[in-house]
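Residue-level listing of the chains:
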Amino acid sequence: MAGRINDDDVKAVRDAVPIDAVVSEYLQLRNAGGGNLKGLCPFHDEKSPSFQVSPSKGLFHCFGCQEGGDTIAFVMKIDHLSFSETVERLAAKAGITLRYEEGGYNPGHQRGERIRLIEAHKVAAQFYADQLGSPEAEIGRAFLAERGFDQAAAAHFGVGYSPAGWDHLTRYLRGKGFSDKELILSGLSQDGRRGPIDRFRGRLMWPIKDVGGEIVGFGARKLRDDDNGPKYLNTPETPIYKKSQVLYGIDLAKKDIAKVSRAVVVEGYTDVMACHLAGVTTAIATCGTAFGGDHIKILRRLLMDNGSARVIFTFDGDSAGQKAALRAFEDDQKFAAETYIAIAPDGMDPCDLRLAKGDEAVVDLVQPRTPLFEFALRQIVKRYDLETPAGRAAALDEAAPVVARIKNIGAQHEVAVQLAGMLGILDTQFVVKRVAQLARWARDRGGKGPERQQGPQRGYDTAAPAPAPSGPALNLRSPAHRTERELLKLALQRPELVSPAFDAYGVDEFTAPPYAAVRQCVQDAGGATGAPADYIDAVREAAPNDTVRALVTELAVETIFAKTVDEAYAGDQLVTVRLRAVDRRIRDVQGTLARLGAQGDPEQLAAVQNELWVLTQYGQSLRNNGAAAL
C-alpha cells in the first residue's frame with residue numbers, strides 16, 4: 001500500500017493552487033464584492049448565483065445547497081475523486097513532488113483509478129497524434145486537407161490517427177506500465193479472442209476533453225470502405241467518460257463563452273474545428289448523443305444566465321437536423337439564455353460552408369437568426385392546411401401546449417400572440433387565453449405553480465441563507481441573529497478589527513445555537529487576537545462536526561454587509577451584540593428581583609439590586625460611548 005501523503009505537502013498543494021483558478025475551469029465567476037467571487041453552483045441547479053468563492057481564504061461556499069470547503073474539497077466533489085487522487089492531481093498542476101509517510105515514492109500502479117485512466121488517455125492522445133504523420137495515415141491527412149484543415153489545425157485540436165493493426169496502442173500502453181484491466185476499463189482497448197485489442201483501428205481520432213481540460217475519451221471517424229463499423233465511433237461509457245456530460249471543444253471555448261455570454265452548438269468535430277478557425281471560438285458539439293439536460297448545465301454555469309446570454313444551434317437543413325432542433329427545444333426552458341437556430345440557406349454545415357464560402361460565411365451563419373421557439377412552432381404549423389378552419393384548429397391544438405411550457409408569463413403571452421399570427425387567427429386573445437389555460441392545467445396537474453427563483457434572496461433582511469437541514473434553525477429576520485452573524489464574519493474575515501474585545505465575549509452572548517458553536521470554535525482555535533495565517537483552517541478543524549464546519553466556511557466566505565468595513569463598523573457590531581446580552585441579563589435579574597419580593601433574604605436582595613444597578617450603568621455607558629465602553 002502507498003503511504004499517506006505528507007501533511008506539509010498537502011498544505012503546500014492547497015496554498016499553491018488558487019481556488020478561483022480551479023473553480024474557473026468549471027464555471028464563470030464574477031465579482032461579488034468584498035473580494036469574493038460568485039457563480040452558478042455546479043452542485044445543484046439554480047437560476048441565480050448563490051455559489052461564492054473567497055480567493056483570499058481559499059474557500060468556497062454555496063448558500064443554496066450548503067456545499068463548501070477548500071480547493072481540495074471542491075475538486076473531490078466535482079470530479080468524484082478521493083482525497084489522495086485530488087491532492088496528486090493538484091500537485092501535478094502545481095509542479096509539486098509529493099512525499100508519502102510510509103515508503104516515499106508512490107508507484108504508478110497504486111495511483112487512483114481516475115488519475116490512471118486520465119494518464120492512459122493522455123498517453124494515447126500523444127500516440128495517435130504521432131501516428132498522424134506515418135505513411136499509413138495518408139488517408140487521414142487527405143481527409144483533413146479535403147475539409148480545409150492543415151497540419152497546424154490538426155495539432156491545435158490534437159487530431160491523430162489510430163493504426164489499422166489489432167493491438168498497436170494496447171502494446172504501447174502496456175509498455176508504459178498500464179495493466180490490461182486499466183486498458184479495458186478506459187475504453188481504449190476491448191476484449192479479443194486472445195486478450196485485449198485496440199478499440200479504435202484505422203480511424204481519424206479526436207481527443208474529447210472535459211471542462212477542466214482532461215482528456216476523457218475519443219471520437220473516431222471511419223476512413224476506409226472496408227471498415228464495417230459506424231461512421232463515427234466514440235469511447236464507451238467509462239468511469240471518466242459519460243457522453244451526456246461532455247461537450248467537444250468546451251476546453252477551448254469555455255473562456256470565450258464566459259466572456260461574450262454566447263455559445264454556438266454544432267453537430268460534429270469538423271464543424272467545431274471550422275468554426276474556431278473561422279473565428280467563432282465559442283463553438284462546441286455533443287459527442288454521439290442529442291443535446292440534453294446535462295449539457296445545458298455545463299453551459300449555464302459558463303453563461304451565468306444573464307440577460308444578454310445567447311445559445312445558437314446550427315443543425316443541418318435535412319429532416320434529421322430539424323428533428324435535432326426540435327429535441328433541443330424540448331429542453332429550451334432549462335436555459336435562462338435566449339436560444340436561436342441557424343441553418344445555412346443551402347443546408348450546408350459549418351465545415352462545408354467554410355470550404356465553399358470562406359470564414360466570413362461561417363461567422364455570418366452563427367449570428368442570432370431565428371428564435372428556437374419560432375422554428376419549433378413553424379415546423380409544427382407547416383404540417384397543417386391553414387387555409388381551412390379545421391387545419392388551423394388542429395395546428396393550434398398541437399402548438400399551444402408547446403407555448404404553454406414557457407415559464408415566463410410575459411414571454412409566454414408574446415409567443416402566443418406570434419402563434420396567432422402564424423396560424424392566421426385574427427382573434428389573438430382566443431389563442432392567448434387557450435395557451436394560458438393549458439399552462440394553468442399543467443401547473444395544477446403537477447401540483448406546482450410557476451417555477452420560483454432559487455438561491456438566496458437579495459437584501460439585508462434575508463441575505464443570510466438557512467443552514468443545512470441537519471443544523472439548528474435560525475430566525476434570519478431576527479436583528480439579533482443578523483448582528484451576531486455579522487460579528488462572526490468579522491471575527492473570521494477581519495479578526496484584527498474586532499480583537500481583542502471579541503475574545504472576551506462569552507459563548508452565551510450568541511443567542512443562535514449555530515453561532516454559539518462557531519464562537520466556541522474560534523475560542524478553541526486560540527481566539528481572534530493575533531490570528532495566524534492558517535487561522536481559518538484552525539477554526540474549521542476545531543468544529544465538532546460537519547454541520548458546524550460548513551457554517552464556519554459559509555461565514556468565512558459570505559460578504560460583509562457594509563460599504564466600508566472598518567473599526568467603526570466592527571465596533572458597532574461588537575456593541576450591539578454586547579448590549580443585547582446586557583439587556584437580556586437585566587431582564588433576568590429583574591425577574592429574580594420580582595420573585596424575591598420585599599420579604600426575601602436582605603443580603604441576597606442587596607446583591608441582586610447591586611447587580612441590576614451595575615448592569616444598568618454598563619448598558620447606559622455602551623449606549624452613550626459605543627465601543628469605547630467595551
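Let me sum up the structure you'll find in this document. Note that the structure is a prediction, hence the values are computed from the model and not measured.

The rules behind these values
- Residues numbered from 1 in each chain as written.
- Predicted model: local features only at pLDDT ≥ 70, side-chain atom pairs only at ≥ 80, totals over all residues.
- Heavy atoms only, no water.
- Axes fitted to C-alpha atoms, helices over the stretch in contact; angles between N-to-C directions.
- Helix = DSSP H or I, 4+ residues; strand = E, 2+ residues; numbered from the N terminus.
- Parallel < 35°, antiparallel > 145°, perpendicular 65-115°, else oblique.
- Left-handed = near helix turned anticlockwise from the far one by under 90°.
- Contact = heavy atoms within 4.5 Å.
- Nonpolar A, V, L, I, M, F, W, Y, C, P; charged D, E, K, R; others polar.
- Core = buried A, V, L, I, M, F, W, Y, C linked by side-chain atoms within 4.5 Å.
- Buried < 20%, exposed > 50% of the residue type's maximum accessible area, 1.4 Å probe, protein only.
- Salt bridge = Lys/Arg side-chain N within 4 Å of Asp/Glu carboxyl O.
- Disulfide = S-S within 2.5 Å.

To continue, consider the packing of helix α1 (residues 7-16) against helix α4 (residues 83-94). Where α1 contacts α4, the axes come no closer than 9 Å and their chain directions differ by 60 degrees. With respect to their mutual orientation, α1 and α4 come out oblique. Once α1 is placed against α4, the crossing between them reads as left-handed. When α1 is examined against α4, the residues Val10, Val13 and Ala16 are found in contact with a partner set consisting of Phe83, Val87, Leu90, Ala91 and Ala94. Considering only residue class, the contact of α1 with α4 consists of eight nonpolar, no polar and no charged.

Here we take up the nonpolar core. Core analysis: the biggest nonpolar cluster contains 48 residues, and Val23, Phe51, Phe74, Ile250, Ile257 and Leu299 have the highest contact counts within it. Sorting elements by how many residues they give to this core places helix α12 (residues 293-303) first, with five residues. Listed in part, the 44 residues of the second largest apolar core include Ile118, Phe149, Ala154 and Val280.

This paragraph deals with the pattern of salt bridges. Inspection of every chain in the model, using the stated rule, returns 30 salt bridges. In this structure, aspartate 70 engages arginine 14 in a salt bridge whose closest nitrogen and oxygen atoms are separated by 2.6 Å. In this pair, aspartate 70 is assigned in strand β5 (residues 68-70) and arginine 14 in helix α1, connecting sequence segments 56 residues apart. A relative accessible area of 8% places aspartate 70 in the buried class. A cluster of three or more residues bridged by salt bridges with shared partners is formed by Asp79, Arg89, Arg114, Asp210 and Glu214.

A complete count under the given rule lists zero disulfides for this structure. Cysteine 351 takes part in no disulfide bond, and the closest cysteine sulfur, belonging to cysteine 275, lies 9.3 Å away.

So, to be careful, I would describe these as geometric facts and stop short of saying anything about function.
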